[in-house]
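# Structural characterization, general
Residue strings, one per chain:
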Amino acid sequence: MEIIIKYFGIIADITSKTEEVIFIEDDCITLKLIQSKIEIKYPKILVINYSIAVNKKFLQNDILLKNKDIIAFLPPFAGG
């Protein structure tokens, strides 16, 4: 399974990339599992309150991912 991860703002600074692709052999992958893998790989993001979107939709519950899903790690928004 191929999962596309996108990083924005300070999270892109922490990871030193705006995007990466993760390949996983298992077909039963959850969002929480990917989140955990990213937090282990980039532990500095643990100090940030970030949101996650899957295929441009914000989610608060764990879901099963599908091949080529796009997961976005989004920092807090400020705006005006």
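Residues numbered from 1 in each chain as written. Predicted model: local features only at pLDDT ≥ 70, side-chain atom pairs only at ≥ 80, totals over all residues. Heavy atoms only, no water.

A word on the overall build of the protein chain. Scanning the protein chain from N- to C-terminus turns up 2 helices and 5 strands. In sequence order, the protein chain lays out its α and β elements as β-α-β-α-β-β-β. Taken over C-alpha atoms, the radius of gyration comes to 12 Å for the protein chain, in line with the 12 Å a tight globule of 80 residues would show. By residue count, 39% of the 80 residues in the protein chain fall in the buried class. For the protein chain, the proportion of contacts with a sequence separation of at least 24, taken over those separated by at least 6, is 54%. Across the protein chain, 10 positive and 10 negative side-chain charges occur, with their mean positions spaced 5 Å apart. (Helix = DSSP H or I, 4+ residues; strand = E, 2+ residues; numbered from the N terminus. Rg over C-alpha atoms; globule rule 2.2 N^0.38 Å. Buried < 20%, exposed > 50% of the residue type's maximum accessible area, 1.4 Å probe, protein only. Contact = heavy atoms within 4.5 Å. Lys, Arg positive; Asp, Glu negative; His and termini not counted. Charge placed at Lys NZ, Arg CZ, Asp CG, Glu CD.)

What follows covers the pairing of strand β3 (residues 51-54). As paired elements, β3 and strand β5 (residues 70-74) share 4 bridges and run antiparallel to each other. The residue bridging Ser-51 from the neighbouring strand is Leu-74, located in β5. In this antiparallel pair of consecutive strands, β3 and strand β4 (residues 57-58), the connection spans 2 residues, and Asn-55 shows a positive phi of 50 degrees. (Pairing = 2+ DSSP bridges.)

This part is about the pairing of β5. Extensive coverage of β5 is indicated by the burial of 4 of its 5 residues. Alignment of strand β1 (residues 2-7) against β5, held across 4 bridges, turns out to be parallel. What sits directly across from Tyr-7, in β5, is Phe-73.

Before going further, it helps to examine the pattern of salt bridges. Scanning all chains against the criterion turns up 5 salt bridges. Note that Glu-19 is salt-bridged to Lys-6, the shortest N-O span being 3.6 Å. With Glu-19 in strand β2 (residues 19-23) and Lys-6 in strand β1, this residue pair connects regions lying 13 residues apart in the sequence. A residue is classified by how much of its surface remains accessible, and Glu-19, at 40% relative accessible area, is partly exposed. (Salt bridge = Lys/Arg side-chain N within 4 Å of Asp/Glu carboxyl O.)

Honestly, that's just the spatial picture; any functional story needs more than this.
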